[in-house]
Amino acid sequence: MAKLIIRLINGVADAVNADPAARDRLTVAFLADYRVSLAEQIVPGADLSEQISTAGTEASGTGNMKFGLNGALTIGTMDGANVEMRHEVGDDNIFIFGLTAAEVAARRPHYDPWEIYRNDPELARAVDMIGGGAFSPGEPELFRPIVASLLTGGDHFFLLADYASYVACQERVATTYRDESAWTRKSILNVANMAKFSSDRTIRQYADEIWRVSPVRVE
């Protein structure tokens, strides 16, 4: 499934990057073999960091902290490190969307992705494009397993459930981004309030609580 999703990303890239209406405004790129040398270019160059793991899965790691320390604002769910970051930077300086972990747990026993699909025409159109070969014209059925995992497979990660909230949150992101002074202010406040996640603080806490070592002055 992971490999198929990567193929879908590249299929979307082929479609978007060749579209005359979009190609001068939007580019989709999948960076293979992600590593430190790529991160050194991406992290300081990003304006927005997307951390969209389903709440309760603890899939959000420390990459979001690196983006935040370098000035990127975060759009994300209440999952993993996003929760800590929100506490530090404040609600006004982070874009949160989606269900909470408690809401996911409560809804899981009776969750019906088909209901969401039927009641959201925009979402249904996107899903149908994926399943209908819009992004794999040479193999129209290539991505049907992805659609099956969302609809008949139960949508384990509640992607459809969070979709409308994500789109609405992206509208807030776009509105804020067009206000250069507001975006810059939020970016500066993000950096200023991210000290807790710096390597200096981390190493100092490890030294105190785990390694039980004290600083040594070097003459």
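See the structure printed just above.
This one's a predicted model, so the numbers in the text were calculated from it and none came from an experiment.

(A) Just helix H2 (residues 36–45), in detail. Restricting attention to buried positions, one finds in H2 the residues Leu 38, Ala 39 and Val 43. The arc enclosing the buried residues of H2, seen along the axis, measures out at 115 degrees, which places them on a common side. Among the exposed residues of H2, those oriented more than 90 degrees off its buried face are Glu 40, Gln 41 and Gly 45.

(B) Structural view of a nonpolar patch on the surface. Together, Met 1, Ile 5, Ile 6, Ile 9 and Phe 30 make up a nonpolar patch on the protein surface, roughly 400 Å² of accessible area in all. For Ile 5, the position within the fold is in helix H1 (residues 2–18).

(C) Broad picture of the pattern of salt bridges. Enumeration according to the criterion identifies 4 salt bridges in this entry. In this structure, the salt-bridge partner of Lys 196 is Glu 88, at a minimum N-O distance of 3.8 Å. One end of the pair, Lys 196, is in the loop between helix H10 (180–192) and helix H11 (199–211); the other, Glu 88, is in helix H4 (residues 81–89), and 108 residues separate them in sequence. For Lys 196, a relative accessible area of 33% gives the class partly exposed. Glu 88 gets classed as partly exposed once you look at its relative accessible area, which sits at 24%. The partner of Glu 141 in a salt bridge is Arg 144, and the shortest N-O contact between them spans 3.6 Å. Arg 144 sits in the partly exposed class, given a relative accessible area of 44%.

(D) Geometry of the packing of aromatic side chains. Overall, the coordinates contain 6 aromatic pairs when judged by the stated rule. Ring geometry for Trp 114 against Tyr 117: centres 5.5 Å apart, planes inclined by 85 degrees, an arrangement best described as edge-to-face. With Trp 114 and Tyr 117 both in helix H6 (residues 113–119) and 3 residues apart, this pair spans about one turn of that helix.

(E) How the structure looks around the packing of helix H7 (residues 121–131) against helix H9 (residues 159–178). It is at 10 Å that the axes of H7 and H9 come closest, and there the two elements cross at 115 degrees. Remark: the crossing between H7 and H9 carries right-handed chirality. For the pair H7 and H9, the contacting residues are Glu 122, Leu 123 and Val 127 in the first and Leu 160, Tyr 163 and Val 167 in the second. Tallied by class, the residues present in the contact of H7 with H9 amount to 5 nonpolar, no polar and 1 charged.

(F) Representation of the packing of H9 against H10. Look at H9 against H10: their axes get within 5 Å of each other, and the N-to-C directions meet at 105 degrees. Regarding the angle of H9 to H10, the classification is roughly perpendicular. Between H9, through Val 173, Thr 176, Tyr 177 and Arg 178, and H10, the contact on the second element is made entirely by Glu 180, Trp 183 and Lys 186. Of the residues that constitute the contact of H9 with H10, the class distribution is 3 nonpolar, 1 polar and 3 charged.

What counts as what
Residues numbered from 1 in each chain as written. Predicted model: local features only at pLDDT ≥ 70, side-chain atom pairs only at ≥ 80, totals over all residues. Heavy atoms only, no water. Buried < 20%, exposed > 50% of the residue type's maximum accessible area, 1.4 Å probe, protein only. Helix = DSSP H or I, 4+ residues; strand = E, 2+ residues; numbered from the N terminus. Arc of directions from axis to C-beta. Patch = residues over 30% accessible without salt bridge, like charges linked within 9 Å, V, L, I, M, F, W, Y side chains within 5 Å. Areas by Shrake-Rupley, 256 points an atom, 1.4 Å probe, with all protein chains shown as cover. Salt bridge = Lys/Arg side-chain N within 4 Å of Asp/Glu carboxyl O. Phe/Tyr/Trp six-rings, centres within 6.5 Å; stacked < 30°, edge-to-face > 60°. Axes fitted to C-alpha atoms, helices over the stretch in contact; angles between N-to-C directions. Left-handed = near helix turned anticlockwise from the far one by under 90°. Contact = heavy atoms within 4.5 Å. Nonpolar A, V, L, I, M, F, W, Y, C, P; charged D, E, K, R; others polar. Parallel < 35°, antiparallel > 145°, perpendicular 65-115°, else oblique.

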